[in-house]
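Spelled out from the first residue to the last, the chains are:
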Amino acid sequence: MEYILIIISAIFINNVLLAQFLGICPFLGVSNKLSTAVGMSGAVCFVITLATVVTYLLNQYLLIPLDLTFLQTISFILVIAALVQMVEIILKKISPALYQALGIFLPLITTNCAVLGVAITVVTKEFSFGGEAAHLLNLGESVVYALATSIGYGLAMILFAGLREHLAMCDVPKSFRGLPIALITVSIMAMAFLGFSGMV
């Protein structure tokens, strides 16, 4: 039951983009086309999940035993940068078209605060589900949380990309074209996702 609560909460209620406002830069930059948004969502999903596993293990079995928790942020950033380089190399070999389409935004995953935010949240924030006492997530819960958070990121990005493609064909007033109407659309999406807050 805890896993279901974690999934619902991470995807809909505490959506990393629409509720926590993490990872907005690539969200606004890559969401012009649905195909690019899907590719970016997949890359972010892979990096968030893998980075969370690696940083959790690094924190539990190296930083905490050696009393080096003050190095959490810098070590997590190094892990994320290495993983993004790996994703970049794999995409360049497997899908050159997607690699070209993502362009500058693929290296931006390194500085995507959603990736670092999830990794830090998992090892520092205490969670409570269903009236239970608050506790730090174990490895299984951390992986589920990271995967659900990245799915929530992808869901928001894909929905937003579809809306932006539709808006491109609409007669939007000149002063609202481009980023202004995009930001208005995001705010309406955030309010819609806020409606899920009574579920958990």
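Since this is a predicted model, take the numbers as computed values, not measurements. (Residues numbered from 1 in each chain as written. Predicted model: local features only at pLDDT ≥ 70, side-chain atom pairs only at ≥ 80, totals over all residues. Heavy atoms only, no water.)

K.L.:
A description of the overall build of the chain should follow, citing residues and the corresponding values.
P.N.:
Scanning the chain from N- to C-terminus turns up eight helices and zero strands. Starting at the N terminus and walking to the C terminus, you meet the elements of the chain as α-α-α-α-α-α-α-α. Dimensions of the chain, computed from the C-alpha atoms along their principal axes, are close to 60 × 45 × 25 Å. Buried residues in the chain amount to 42% of all 200 residues. Nonlocal contacts in the chain, meaning residues at least 24 apart in sequence, comprise 74% of its contacts between residues at least 6 apart. By element, 71% of the accessible surface of the chain is carried by carbon and sulfur atoms, the whole surface being about 10200 Å². Computed over 7 positive and 8 negative side-chain charges, the separation of the two mean positions in the chain equals 23 Å. (Helix = DSSP H or I, 4+ residues; strand = E, 2+ residues; numbered from the N terminus. Buried < 20%, exposed > 50% of the residue type's maximum accessible area, 1.4 Å probe, protein only. Contact = heavy atoms within 4.5 Å. Areas by Shrake-Rupley, 256 points an atom, 1.4 Å probe, with all protein chains shown as cover. Lys, Arg positive; Asp, Glu negative; His and termini not counted. Charge placed at Lys NZ, Arg CZ, Asp CG, Glu CD.)

K.L.:
Which residues make up the side chain of Arg164, and what are the values?
P.N.:
Along the chain, Arg164 turns up in helix H7 (residues 139–168). Engagement of the side chain of Arg164 in a polar contact is seen with the side chain of Ser31, the distance being 3.0 Å. Ignoring anything within four residues of it in the chain, the contact list for Arg164 reads Leu28, Ser31, Asn32 and Ala182. (Polar contact = N/O pair within 3.5 Å; in protein donor to acceptor, adjacent residues only side chain to side chain.)

K.L.:
Pulling in residues and values, what's your account of helix H8 (residues 179–194)?
P.N.:
Turn by turn, an α-helix covers 3.6 residues, leaving residues three or four places apart pointing in a common direction. The terminal C-alpha atoms of H8 lie 22 Å apart, and with 16 residues this matches the ideal 22 Å at 1.5 Å per residue to within 8%. Those residues of H8 lying buried are Ile181, Ala182, Thr185, Val186, Met189, Ala190 and Phe193. (Expected span 1.5 Å × (residues − 1).)

K.L.:
Which residues make up a nonpolar patch on the surface, and what values do they have?
P.N.:
A grouping of Phe46, Met86, Ile90 and Ile94 is seen on the molecular surface, where their side chains present a nonpolar patch of about 380 Å² in accessible area. Examining the composition of the nonpolar patch, we find that three residues originate from one element, helix H4 (residues 72–94), more than from any other. Note on Ile94: relative accessible area 68%, which makes it exposed. (Patch = residues over 30% accessible without salt bridge, like charges linked within 9 Å, V, L, I, M, F, W, Y side chains within 5 Å. Salt bridge = Lys/Arg side-chain N within 4 Å of Asp/Glu carboxyl O.)

K.L.:
Explain helix H1 (residues 2–13) residue by residue, including any values.
P.N.:
Restricting attention to buried positions, one finds in H1 the residues Glu2, Leu5, Ile6, Ser9, Ala10, Ile11 and Ile13. In this fold, the buried residues of H1 make contact with H7 and H8.

K.L.:
Which residues make up the packing of aromatic side chains, and what values do they have?
P.N.:
In total, this model carries four aromatic pairs according to the counting rule given. Judged by centre distance (6.4 Å) and plane angle (35 degrees), the rings of Phe12 and Phe193 are tilted. Separated by 181 residues along the polypeptide, Phe12 in helix H1 and Phe193 in helix H8 bring together distant segments of the chain. Between Phe12 and Phe196 the ring centres are 4.7 Å apart and the planes differ by 40 degrees, which places this aromatic pair in the tilted class. Of this pair, Phe12 sits in helix H1 while Phe196 sits in the segment after H8; the two residues are 184 residues apart in sequence, bridging distant segments of the chain. Here a set of aromatic residues connected by ring pairs shows up, and it is made of Phe12, Phe193 and Phe196. (Phe/Tyr/Trp six-rings, centres within 6.5 Å; stacked < 30°, edge-to-face > 60°.)

K.L.:
Please provide a residue-by-residue account of the side chain of Ser142, values included.
P.N.:
When you line up the elements, Ser142 lands in helix H7. With residues near it in sequence (within four places) discarded, Ser142 still touches Thr52, Tyr56, Val122 and Leu137.

K.L.:
If you had to explain the environment of Met189 to someone new, which residues and values would you point to?
P.N.:
Here Met189 lies in helix H8. As a C-alpha pair, Met189 and Leu159 span 30 residues in sequence and 8.9 Å in three-dimensional space.

K.L.:
Describe the nonpolar core, with residues and values.
P.N.:
With 51 residues, the main nonpolar core has Leu18, Phe27, Leu106, Ile109 and Tyr145 as its most contacted residues. Elements that contribute at least two residues to this core include exactly H1, helix H2 (24–30), helix H3 (34–63), H4, helix H5 (96–102), helix H6 (113–124), H7 and H8. For this core, the element with the highest residue contribution is H3, accounting for nine residues. (Core = buried A, V, L, I, M, F, W, Y, C linked by side-chain atoms within 4.5 Å.)

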